[in-house]
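Report on the structure
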Amino acid sequence: MAHLTPIVAPTPEVLELDQGERYVRRGSMDSTNVSILKVDGQNGGSADLVMGYERLAPGRTIAPHRHLLADEIIFVHEGSGIAEVGDLKKPFGTGATIYIPKNVRVSVHNTGSVPLAIAFFFSKPGFDAYLRDTSVPSGQPITPMSGEELAAIRARHRWHVVYE
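Residues numbered from 1 in each chain as written. Predicted model: local features only at pLDDT ≥ 70, side-chain atom pairs only at ≥ 80, totals over all residues. Heavy atoms only, no water.

As a further point, take the sheet that holds strand β3 (residues 50-56). Strand order in this open sheet of seven strands is β8-β5-β10-β3-β2-β1-β11, and the pairing throughout is antiparallel. Of all the strands in the sheet, the pair left with one neighbour each is β8 (97-100) and β11 (135-137). With strand direction ignored, the average angle separating the axes of adjacent strands in the sheet is 25°. Relative to strand β10 (residues 116-122), β3 runs antiparallel, the two sharing seven bridges. Bridge assignment links Tyr 53 to a residue of β10, and that residue is Ala 119. (Pairing = 2+ DSSP bridges. Helix = DSSP H or I, 4+ residues; strand = E, 2+ residues; numbered from the N terminus. Axes fitted to C-alpha atoms, helices over the stretch in contact; angles between N-to-C directions.)

The next point concerns the sheet that holds strand β4 (residues 61-67). Strand order in the open sheet formed by five strands is β7-β6-β9-β4-β12, with antiparallel pairing between adjacent strands. Whereas interior strands pair on both sides, the edge strands pair on one side only; in this sheet they are β7 (88-92) and β12 (161-163). The sheet shows a mean angle of 25° between the axes of neighbouring strands, direction not considered. Summarising the sheet, strand β6 (residues 81-85) and strand β9 (residues 106-110) pair through five bridges and their orientation is antiparallel. When the sheet's bridge partners are listed, Val 85 is paired in β9 with Val 106.

This brings us to the pattern of salt bridges. The tally for this structure, following the rule as stated, stands at ten salt bridges. For the salt bridge of Glu 164 with Arg 105, the shortest nitrogen-to-oxygen distance reads 2.5 Å. Here the residue Glu 164 occupies a position in the segment after β12, and Arg 105 occupies one in the loop between β8 and β9, the gap between them amounting to 59 residues. Residue classification places Glu 164 among the exposed positions, given a relative accessible area of 63%. On the accessibility criterion, Arg 105 (22% relative accessible area) is partly exposed. The partner of Asp 133 in a salt bridge is Arg 156, and the shortest N-O contact between them spans 3.2 Å. Residue Asp 133 is found in helix α1 (residues 127-133), and its partner Arg 156 is found in helix α2 (residues 147-156); the two are separated by 23 residues along the sequence. When salt bridges with common partners are traced through the structure, they connect Glu 21, Asp 40, Asp 128 and Arg 132 into a single cluster. (Salt bridge = Lys/Arg side-chain N within 4 Å of Asp/Glu carboxyl O. Buried < 20%, exposed > 50% of the residue type's maximum accessible area, 1.4 Å probe, protein only.)

We now examine the pairing of β10. A regular strand carries its side chains on alternate faces of the sheet. For β10, the buried fraction is high: six of the seven residues fall into the buried class. Sheet topology places strand β5 (residues 72-78) next to β10; six bridges connect them, and they run antiparallel. Across the sheet, residue Phe 75 finds its bridge partner in β10, namely Ala 119.

Moving on, we come to the side chain of His 109. You can see His 109 is positioned in strand β9. The class for His 109 is buried, based on a relative accessible area of 19%. Ignoring anything within four residues of it in the chain, the contact list for His 109 reads Arg 60, Thr 61, Ser 80, Gly 81, Ile 82, Glu 84 and Phe 92. (Contact = heavy atoms within 4.5 Å.)

Turning our eyes to something else, we now look at the packing of aromatic side chains. One pass over the full model with this rule turns up five aromatic pairs. Residue placement shows Arg 154 over the ring face of Tyr 163; its charged tip is 4.0 Å from the ring centre. (Phe/Tyr/Trp six-rings, centres within 6.5 Å; stacked < 30°, edge-to-face > 60°. Lys NZ or Arg CZ within 6 Å of the ring centre and 35° of its normal.)

Next up, the structure:
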């Protein structure tokens with residue numbers, strides 16, 4: 001069965017912008033690209049939802065992928081870029097909402113000159129575990145990830161997220 005984040009007892013949360021479980025993606029090797037898990041099985045104890053916040057540096061791209069079991073919504077808090085969702089390719093700016101139905105290909109490009117700040121929401125858990133496996137807690141040394149290690153992590157999480 002799929003690897004899921006352990007669930008704690010549901011607890012109401014009120015989190016400020018930079019509060020939550022903070023991570024830096026190992027592939028970026030850039031400590032300014034921070035992802036924050038705010039609500040999931042470990043944060044707030046939601047058995048159903050995953051919500052996080054991420055900053056993507058200018059010129060960076062969220063690689064093409066699809067989530068097999070969960071719808072995703074991205075809310076653009078700051079910045080601009082181009083979203084590719086299925087056959088749709090469209091520019092967006094601050095305040096935009098991007099809806100990605102489950103099993104639809106998505107890629108997001110920061111084409112602006114400032115970090116792209118997004119809130120992401122998933123209808124089912126799974127991405128939270130992938131994020132933890134491909135990241136280090138903020139403030140920890142960012143260890144390089146080999147292609148083989150990334151391939152093994154992606155294979156382990158293929159039940160939820162599939163990258164091209």
